[in-house]
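# Topology and contacts: notes
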Amino acid sequence: MSKGAVSPRRSSRLLWLLVAAVLLGLFLGSGEIRRLLADALSQVTPLAVLATLPGQIAATLLCAAALHALRPGVSYLASLAARLLRDAGDNLLFFLPGLGEVIGARALVLAGGQTRAAVSASALDKFAETAAQVPYIVLAGWVLWRGWEVPISLPGVSTAATISGVAAGLALLWAGWQRFGARSRLSIRLREEWHKLAAEAHQQKSGLPRSILLHFLAWVLGGLQIWMAAQALGFELTLFEAVALESAAYAGRAIFFFIPAGLVTQEAGLVAAGLVFGLTPAQSLTFALVLRLRDVVTGAALLLWPLMEWRSRINSLSDG
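It should be emphasised that the depicted structure is a prediction, and the values quoted were computed from it without experimental measurement.

Along the protein, the regular secondary structure elements total 13 helices and zero strands. Start at the N end of the protein and walk to the C end: the helices and strands fall as α-α-α-α-α-α-α-α-α-α-α-α-α. Classification of the 320 residues of the protein by burial places 46% in the buried group. Looking at the protein alone, contacts between residues at least 24 apart form 75% of all its contacts between residues at least 6 apart. Counting only carbon and sulfur atoms, one obtains 68% of the accessible surface of the protein, whose full area is about 17,000 Å².

Structure follows, in structure tokens:
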């Protein structure tokens, strides 16, 4: 590489910073949105965040069972630790997309699983989770389609801003392809491992139907969390409406998967669905903030990762 040239890794980081700045600017650049955020923040209470935790714990237990059903070669408790770490990585380390999945697979290996079994089980688990979300995406589409009778406009978000956000996400995809495209050493290595991983996944896929069902139940518990938060906040919301709100939030996050942690898109989905059910934008943003704070609380599980690495290192030294 010639002197003064920018390395692919550095340019990728610079693009990430640019996209983060664009998203933050689009969201906070409007005075109306800043006022809405201030109003929403004033309504958030610790009790509302705590109210989501029982449902979140139950959902995580189900997701761990879904991963364990795919036979990653470790115990249920190890699968639970891997799931906690994956979610914490996805929610807190969003500036490095996919790191949560990598940490989760690594946790399975540190717990004694074989590398290929851990990778293939993690990939199948991600597929099962996505497949289980399809009914939720359909529900979100139906709710929002029905809501077009009520004029829906997201406060302070112009068409130009929306286009800019999507363009930033597409730029991210392009940068990822440049760095990890077909000619990269990583993709070549992945192609070499593909057949071995496919054979491993073929043995594990018998647990896929059960995994999908468990993930579906976990998604339903997500709606229960919003309903519990609504009770703590004093908002009038039925359980069905809470499930529909949650489905809209995560449908937006799934469709715009290239945006880290669903920043802005998750909040936009909540606001749009909330208008259908008579919630003000500030109330919907309150739910969004409660969910983000819940993710910060449960993200403490990320501390398990260095502990597992340390224990693995100690064990390897004692065996040596």
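What follows is about the nonpolar core. In this structure, Ile226, Leu237, Leu245, Leu270 and Phe287 are the most contacted members of the largest nonpolar core, which totals 38 residues. Mapped onto this core, the elements with two or more residues apiece are α2 (31-43), α3 (46-68), α6 (115-146), α9 (208-233), α10 (239-255), α11 (265-276) and α12 (281-298). Residue contributions to this core peak at eight residues, all from α10. In this structure, Leu270 is in contact with Ile226, Leu245, Ala249, Ser284, Phe287, Ala288 and Leu291, ignoring residues within four places of it in sequence. One finds Ala88, Leu93, Leu110 and Ala128 within the second-largest nonpolar core, a separate group that totals 19 residues.

Tallying each qualifying case throughout the model produces 11 salt bridges. Between Asp90 and Arg86 there is a salt bridge, with the nearest N and O atoms lying 3.9 Å from each other. Separated by four residues within a single helix, Asp90 and Arg86 lie in helix α4 (residues 76-92), roughly one turn from each other. If you follow the salt bridges from partner to partner, you end up with Arg83, Arg86, Asp87, Asp90, Glu101, Asp125, Lys126 and Glu129 in one network.

Axis separation between α4 and helix α5 (residues 99-110) bottoms out at 7 Å; the angle between their running directions is 160°. Classified by the angle their axes make, α4 and α5 are roughly antiparallel. At the point where α4 passes α5, the crossing takes the right-handed sense. Together, Ala78, Ser79, Ala82, Leu85, Arg86, Gly89 and Asp90 of α4 and Gly100, Glu101, Ile103, Gly104, Ala107 and Leu108 of α5 make up the contact between the two elements. Looking at the contact of α4 with α5 residue by residue, the class counts come to six nonpolar, four polar and three charged.

This paragraph deals with the environment of Leu237. Tracing the backbone through its elements, the reader meets Leu237 in the loop between α9 and α10. Put simply, Leu237 and Gly278 are 41 residues apart on the chain and 9.3 Å apart in space, counted from C-alpha to C-alpha. Here Leu237 is in contact with Ile226, Trp227, Ala230, Gln231, Ala242, Leu245, Leu279 and Phe287, once residues within four sequence places are set aside.

This prediction gives the protein a mean pLDDT of 80; 72% of its residues lie at or above 70. Across the protein, the element-wise mean pLDDT spans from 53 in helix α7 (residues 159-180) up to 96 in α3. Predicted confidence for residues 150-162 stays below pLDDT 50, and this span has 19 contacts to residues more than four positions away or in other chains.

Scanning the model with the defined rule gives two cavities of 30 Å³ or more in all. One number sums up the size of the second largest cavity: a volume of about 80 Å³. As for the second largest cavity, its lining consists of Leu67, Ala82, Arg83, Arg86, Glu101, Gly104, Ala105, Leu108, Ser122 and Asp125. Element by element, the count of residues in the lining of the second largest cavity is highest for α5, at four residues. When the residues that make up the lining of the second largest cavity are grouped by side-chain class, the tally is four nonpolar, two polar and four charged.

Thresholds applied
Position numbers for residues start from 1 in each chain and track the written sequence from start to end. Only residues with pLDDT of 70 or above have their local features reported here, since the model is predicted, and side-chain atom pairs are shown and tallied only from 80 upward, although totals for entire chains, interfaces and linings are computed over all residues. Calculated side-chain values reflect all of the structure's heavy atoms, with hydrogen atoms and water omitted. Each helix corresponds to a stretch of at least 4 residues labelled H or I by DSSP, and each strand to a stretch of at least 2 residues labelled E; elements are numbered beginning at the N terminus. Only protein chains enter the area calculation, which uses a 1.4 Å probe; residues under 20% of their type maximum are buried, those over 50% are exposed, and those in between are partly exposed. Any two residues whose heavy atoms approach within 4.5 Å at even a single point are treated as in contact. Here the open area of atoms and residues is found with the Shrake-Rupley method and a 1.4 Å probe, where only the protein chains shown may cover a residue. Definition used in this section: a nonpolar core is a set of buried Ala, Val, Leu, Ile, Met, Phe, Trp, Tyr and Cys residues joined via side-chain atoms within 4.5 Å. What makes a salt bridge here is a side-chain nitrogen of Lys or Arg within 4 Å of a carboxyl oxygen of Asp or Glu, nothing more. Helix axes are fitted only over the stretch in contact, all axes being lines through C-alpha atoms; the angle between N-to-C directions runs from 0 to 180 degrees. Convention used here: angles under 35 degrees read as roughly parallel, angles over 145 as roughly antiparallel, angles from 65 to 115 as roughly perpendicular, and any remaining angle as oblique. Whether a crossing is left-handed or right-handed is set by the direction in which the near helix is turned from the far one by less than a right angle, anticlockwise for left-handed and clockwise for right-handed. In this classification, the charged set is Asp, Glu, Lys and Arg, the nonpolar set is Ala, Val, Leu, Ile, Met, Phe, Trp, Tyr, Cys and Pro, and all remaining amino acids, among them Gly, are polar. Note on scores: pLDDT gives the predictor's confidence for each residue, bounded by 0 and 100. Within this scheme a cavity is a closed region of a 1 Å grid, computed over the protein atoms alone, that accommodates a 1.4 Å probe without allowing it to escape, whereas a pocket is open but has protein on both sides within 12 Å along at least five of seven lines; lining residues each have an atom within 4 Å of a point. Grid points are joined across faces, edges and corners, and a volume is the space filled by probe spheres set on the points.

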